[in-house]
Amino acid sequence: MVTHALTEPVLNLSPSPGDEVKSTTCYMCACRCGIKVWLADDGAHGKTIRYIQGNRDHPVNQGVLCAKGAAGIMQHYSPARLSKPLLRVGERGSGEFREIEWDEALDIATSWLAPIRARNPDELAFFTGRDQSQALTGWWAQQFGTINYAAHGGFCSVNMAAAGLYSVGGSFWEFGEPDWEHTRYLMLWGVAEDHDSNPIKLGLAKLKASGAKIVAVNPVRSGYGAIADEWIGIRPGTDGLFAFALVHELLRMDRIDLEYLVRYANAHWLVIRNPGGADDGLFARNADGEALCWDAVKKVAVDANSIDISPAVVGEYTLPDGRIAVPVFQLIVDRYLDPQYAPEAVSARCGIPADSIRRIARELAEAAFESNLTLPIAWTDSWGREHSEMVGRPVSMHAMRGISAHSNGFHTCRALHLLQLLLGAVDAPGSFRYQPPFPKPIPPANRPGKTRKPDGTLDAGPLGFVHGPEDLLVDANGQPRRIDHAFSWAYPLAAHGMMHTVIRNAHAGSSHPESGHKIDTLLMFMANMSWNSAMNTGETIGWLTDKDAAGDYKIPHIIYSDAYSSEMVAYADLVLPDTTYLERFDAVSLLDRPISDADGVADGIRHPVLAPETQDVEGKPRDVRGFQSVLIDLGVRLGLPGLINEDGSAKYRDYADYIVRHERAPGIGLLAGWRGADGGQHGKGAPNPDQLQRYIDNGSFWREEIPESARYFKMANRDYLRWAQGFGFVPDDAQIVLQLYSETLQKFRLAAQGHGTVQPPPEHRERVATYFDPLPIWYEPFEGDQISSEEFPLNAVTQRPMFMYHAWGSQNAWLRQITARNYLYLHPDTGTAHGIADEDWIDVSSHHGTITVQAKFAANVQANTVWTWNAIGKRKGAWKLAKNAPESRKGFLLNHLISDITPKGDYANADPVTGQAAWFDLRVSIRKAAQQSDDAESQPQLPAVSQAEASDAPLRYGAAFRKKNTR
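Residues numbered from 1 in each chain as written. Predicted model: local features only at pLDDT ≥ 70, side-chain atom pairs only at ≥ 80, totals over all residues. Heavy atoms only, no water.

All right, on to the overall build of the protein then. Helix and strand counts for the protein stand at 26 helices and 34 strands. At 28 Å, the protein has a C-alpha radius of gyration in line with the 30 Å of a compact globule built from 967 residues. Across its three principal directions, the C-alpha atoms of the protein cover 105 × 80 × 70 Å. Counting every position in the protein, which comprises 967 residues, the buried fraction comes to 65%. (Helix = DSSP H or I, 4+ residues; strand = E, 2+ residues; numbered from the N terminus. Rg over C-alpha atoms; globule rule 2.2 N^0.38 Å. Buried < 20%, exposed > 50% of the residue type's maximum accessible area, 1.4 Å probe, protein only.)

Further remarks concern the environment of Gly90. Structurally, Gly90 is set in the loop between β4 (86–88) and β5 (97–99). Placed 483 residues apart in sequence, Gly90 and Asp573 show a C-alpha to C-alpha distance of 9.4 Å.

Moving on: empty space enclosed by the protein. According to the stated counting rule, one finds 13 cavities of 30 Å³ or more in the structure shown. In this structure, the largest cavity encloses a volume near 200 Å³. In terms of lining residues, the largest cavity is bounded by 19 residues, among which Thr798, Arg800, Asn870, Trp919 and Phe920 are the most central. Broken down by element, the lining of the largest cavity gets its largest block of residues, four residues, from strand β29 (residues 794–799). In terms of residue class, the lining of the largest cavity is made up of nine nonpolar, eight polar and two charged. (1 Å grid on protein atoms, 1.4 Å probe; cavity = no way out; pocket = protein on both sides within 12 Å on 5 of 7 lines; lining within 4 Å. Points joined across faces, edges and corners; volume = space filled by probe spheres on them. Nonpolar A, V, L, I, M, F, W, Y, C, P; charged D, E, K, R; others polar.)

In this section: the sheet that holds strand β21 (residues 395–399). On the basis of which strands lie adjacent, the open sheet formed by four strands has the order β11-β10-β9-β21 and parallel pairing. Looking at which strands have only one partner, the edges of the open sheet turn out to be β11 (230–232) and β21. Direction aside, neighbouring strands of the sheet carry axes that sit 15 degrees apart on average. Bridge count for strand β9 (residues 185–189) against β21 is five bridges, and the pairing is parallel. Looking at the pairing, Leu186 lines up with Ser396 of β21. Contacts between helix α13 (residues 409–422) and the sheet are confined to β9 and β21, with β21 contributing the most and set at about 170 degrees to the helix. (Pairing = 2+ DSSP bridges. Axes fitted to C-alpha atoms, helices over the stretch in contact; angles between N-to-C directions. Contact = heavy atoms within 4.5 Å.)

Relative to strand β14 (residues 300–303), strand β13 (residues 292–295) runs antiparallel, the two sharing four bridges. Opposite Asp295, over in β14, you have Val300 as the bridge partner. Connecting β13 to the next strand, β14, in antiparallel fashion are four residues, including Lys299 with a positive phi near 55 degrees.

Turning next to the nonpolar core. Of all hydrophobic cores here, the largest spans 301 residues; its most connected members are Trp140, Met187, Trp189, Phe242, Leu246, Leu574 and Leu738. Of all the elements, helix α7 (residues 239–253) adds the most residues to this core, at nine residues. Leave out the neighbours within four places in its chain, and Leu246 touches Met187, Trp189, Ile357, Ile360, Ala361, Leu364 and Leu419. In terms of nonpolar packing, the next biggest core, distinct from the first, is built from ten residues, Ile272, Leu292, Trp294 and Leu319 among them. (Core = buried A, V, L, I, M, F, W, Y, C linked by side-chain atoms within 4.5 Å.)

Attention now goes to helix α21 (residues 762–771). Buried within α21 we find His764, Arg767, Val768 and Tyr771. Buried residues of α21 fall within an arc of 100 degrees about the axis and therefore sit on the same side. The outward face of α21, more than 90 degrees from its buried face, is lined by the exposed residues Pro762 and Glu766. Looking at the packing, one finds that the buried side of α21 touches α13, α20 (743–752) and α22 (782–786). (Arc of directions from axis to C-beta.)

Glancing now at the side chain of Thr110. Secondary-structure assignment places Thr110 in helix α3 (residues 102–119). By relative accessible area, Thr110 is classed as buried at 14%. The residues contacting Thr110, other than those within four sequence positions of it, are Pro115, Leu634, Arg637 and Leu638.

Moving on to the confidence of the model for the protein. On average, residues of the protein score 94 in pLDDT, and 97% of them reach the 70 mark or higher. When the criterion is pLDDT under 50, residues 510–517 qualifies, and its contacts beyond four places in sequence or with other chains add up to 25 contacts. (pLDDT = per-residue confidence, 0-100.)

So, on to the packing of α7 against helix α10 (residues 343–350). Across the interface, α7 lies against α10 with an axial gap of 10 Å and an inter-helix angle of 160 degrees. It follows that α7 is roughly antiparallel to α10 by the angle criterion. Crossing hand, α7 versus α10: left-handed. Residues Leu241, Phe242, Ala245, His248 and Glu249 of α7 touch α10, and the partners they reach there are Pro343, Val346, Arg349 and Cys350. By residue class, the composition of the contact of α7 with α10 is six nonpolar, one polar and two charged. (Parallel < 35°, antiparallel > 145°, perpendicular 65-115°, else oblique. Left-handed = near helix turned anticlockwise from the far one by under 90°.)

A few words on the pattern of salt bridges. Applying the stated criterion across every chain yields a total of 60 salt bridges. A salt bridge links Asp122 to Arg452, with the shortest nitrogen-to-oxygen separation between them at 3.0 Å. Here Asp122, found in the loop between α3 and β6 (124–128), pairs with Arg452, found in the loop between β22 (432–434) and α14 (499–508); they are 330 residues apart in sequence, far enough to count as distant. Residue classification places Asp122 among the buried positions, given a relative accessible area of 2%. (Salt bridge = Lys/Arg side-chain N within 4 Å of Asp/Glu carboxyl O.)

Here the focus is the sheet that holds strand β3 (residues 47–54). As summarised here, the arrangement of the three strands in space is β1-β2-β3, forming an open sheet in which the pairing is antiparallel. Each end of this open sheet is capped by a strand with a single partner; those strands are β1 (20–25) and β3. Adjacent strand axes in the sheet meet at a mean angle of 30 degrees, parallel and antiparallel pairs treated alike. Bridge analysis of strand β2 (residues 34–41) against β3 gives seven bridges, and the strand direction is antiparallel. Bridging from a neighbouring strand, Ala40 pairs with Thr48 of β3.

Moving on, we come to unusual backbone geometry. In this model, Pro436 is joined to Pro437 through a cis peptide bond whose omega is 15 degrees. Inspection of the secondary structure assignment puts Pro437 in the loop between β22 and α14. Residue Phe438 is joined to Pro439 through a cis peptide bond whose omega torsion reads 10 degrees. By the element assignment, Pro439 lies in the loop between β22 and α14. Here Trp173, not a glycine, exhibits a phi torsion of approximately 75 degrees, which is positive. With respect to the helices and strands, Trp173 occurs in the loop between α5 (158–165) and β8 (176–178).

A few words now on the side chain of Ser899. By secondary structure assignment, the location of Ser899 is in the loop between α25 (886–889) and β34 (923–928). Judged by its relative accessible area of 4%, Ser899 is buried. A distance of 2.9 Å separates a polar side-chain atom of Ser899 from the backbone oxygen of Ile901. With residues up to four places along the chain from it excluded, the contact list for Ser899 reads Met535, Asn536, His847, His848 and Asn909. (Polar contact = N/O pair within 3.5 Å; in protein donor to acceptor, adjacent residues only side chain to side chain.)

Once that is clear, we can look at the packing of aromatic side chains. Applying the stated rule across the entire model yields 41 aromatic pairs. Here the aromatic rings of Tyr260 and Tyr264 are separated by 4.9 Å at their centres, their planes lie at 65 degrees, and the arrangement is edge-to-face. Of this pair, Tyr260 and Tyr264 both sit in helix α8 (residues 258–264), four residues apart, roughly one helical turn. For Tyr260, a relative accessible area of 4% puts it in the buried group. Cluster of aromatic residues (ring-pair linked, three or more members): Phe126, Trp140, Phe144, Tyr149, Phe525 and Phe627. (Phe/Tyr/Trp six-rings, centres within 6.5 Å; stacked < 30°, edge-to-face > 60°.)

Viewed as axis vectors pointing N to C, α10 and helix α11 (residues 354–369) meet at an angle of 115 degrees, and their least axial separation amounts to 8 Å. Considering only the axes of α10 and α11, their crossing is right-handed. Judged by residue contacts, Pro343, Glu344, Val346 and Ser347 of α10 engage Ala354, Ile357 and Arg358 from α11. Among the residues making up the contact of α10 with α11, the classes are represented as four nonpolar, one polar and two charged.

With that settled, the discussion passes to helix α4 (residues 134–144). Within an α-helix, residues lying three or four positions from one another point in the same direction, as the helix has 3.6 residues per turn. For α4, a buried count of ten out of eleven residues is recorded, marking the element as mostly surrounded by other parts of the structure. By the burial criterion, the buried members of α4 are Ala135, Leu136, Thr137, Gly138, Trp139, Trp140, Ala141, Gln142, Gln143 and Phe144. Summarising the contacts, the buried residues of α4 are in contact with α3, β6, β7 (149–150), α16 (627–638) and α17 (655–661). Remark: Gly145 follows α4 within two positions and exhibits a positive phi of approximately 100 degrees.

Here it is in structure tokens:
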């Protein structure tokens, strides 16, 4: 008999995720969650990433992490990472480059940019995409002296931001949040799952547990809408009309908070009625410029912001000088009680039953006024009056791109703020809440830069907020000065610029009136403008590659920086390879996109958890630099005033040094935590050399609680305003009066009617007079208004999935396993009506073009709407995907159908007030395609760019860790 000794298996019952852990901030979406990155020695490459988890101590996500965040490993180790600076050697679009060293790359960039700054800085157009370093990039543009700078928001969220900042001094998106602790009724308007996803998930969980009602208003039911108590499948572009019907019902039922409207808003301010006069529609003011109201007891006009008065909110009154004036609220009643806004009148257009509209209006009123929510917190208002409690209005609203990305989006966003204000539901307990540094004065004080100082710098940052026609960037003839036409009569309040118009205008040779020169250099950072960030993709590619009669490119130089080999890389002349977010310092700054919450102010950093790797995933040499540090280096080489010392030496070593030592104003820098020589000051204080380490030691964030007495009614809470003044958020502790009626907009209307010293050219007068209404309006989106609804009967929209974010997330090896191609989703009834079966290939046509894609039935969509996931489709040869990758064979973009101009061709396909890109105005027709083969590919299929393709073999990660642990 033979016996064998049994070997006990070696089991590690408490394995560690890694050998070392570092805390930093995620970059996989705009959420900016705190993460812990576990590192381990894989034996071959030294320290590598083993695991990413949420940071429980971080104020944004409290440990929650989504699929995107966890997949950051494969973002860092992506085969698509760029490895070396590249200089184009073939034609634009061919993808033919030679690798060069950084010194040569920076010398080339300097040789292009230095002559521009010497003769006319506006010949540089500097446009940045989905980044979070605008506090640097905008300031750098100001130092260079160009007015031609813009950021991502112009084709993403400027309608939301501008409408809010001109109405309530804050906005939805990343500037505010619902009161997750106390709300009883939440309405989500056009909200997808891509922005702020983890905080929203945490908040929705609280609401579900507390029994609050959640209503999702969206043509598509996915993500958050799927767990809502009620889904309103609205027709795209009609949200404002629905909001006005709710306003109509609240006014009809007399279910509004008049006390709130008088105390915190301008409902009682007197508006002059003088049709045809230069003062028509302006506020009546006294000799000191203070707005007036009518005291119903004293029968006289008095300072509207004084206390111990009895202001009238309806009626018509004669001022001492004989002019007639009416309160703002009277104008609101006159407009929105009109039968055109009754539920029956809007029901068919919105696709919502009239009974549902009336019921929702009743539910909003009941939640706001019958909940009897009060918080036993004493507070003092701006006038010094003490209150023993905070009275709540537990109705919250949150809105995003679904209402913003329309040509009527600005006024739709304003309509939602009007609805909130009538309910008293802005920064009251249970309602929408401001996040510091908001609220801001209305409008914010910073105007866009217009002129250059003797040292060549702009007198202010190139982006800002226009207060009146005098702030526009137009020449003596009223023509645009900026290449994108932002801050012109065509798009006056374009606070984020207009990235979606720059390439067309640069190609067309839009010139600068100061010198007549065309744009010489287009500098872009992480903006995939030849693919998924382009409206009119095909023509955009043509503009990037078009040449003049002499054989020179009409856009002479294109410099592009990205971390990955996106479609845009092929169209650059010079490529500056960026690091991944785990290899560099970043400032998540209060000067840029804050991570505060309603109860506290916060900011944060990213820091290199790994040094930039010297090899790519295939073992080839890799030499990359963070774009922010490259920009600072370029500034020194160009001798930009803010970036050099008096002797010409570099003022900042790199971006990390800039974060610590740069001061935007005395004591105010990019980070608010641990300031002062000893790190003992917060908000304001001298630079602290140890600041970044203090952040790292604290989990890469800083947060300070708002005093309990200051957490609500921030626009008129003395404790909050004084606290905010200490941080530099507001200039003083004066009340911020919420604006139901916008005098700023009326100033533009008066200019269009022929008043004032700055007036629009004749071709813009009707447009400005129509859309610059001081009260919110609704109008049919331009595409729907200008084309045949019979020929193009369907709306088409994109949603961003919870598991991906922009193109650079959908090339991630792990996230691709969730979805590697997209379909066009349509309601089964819509398919039947058009003779289409599930999974048929179909032709989808707009007034601009046709694509061929595969259809998929889904009942989670409004029947007059078709939809798809955005940014899944890829161009062959890009992102180092395999030749037969589903993203390029089966995936597609709706962008091929979207024109960058209106069907009439008179203006950009954009909101007429802010210039916001109107992605969601798209109207289409569908029919069964001729080809129905299983081997069919989506169309169009553009020629592949000749960037290196990945191996067809599966991309695996972590095998070395398994081998190490095998015994």
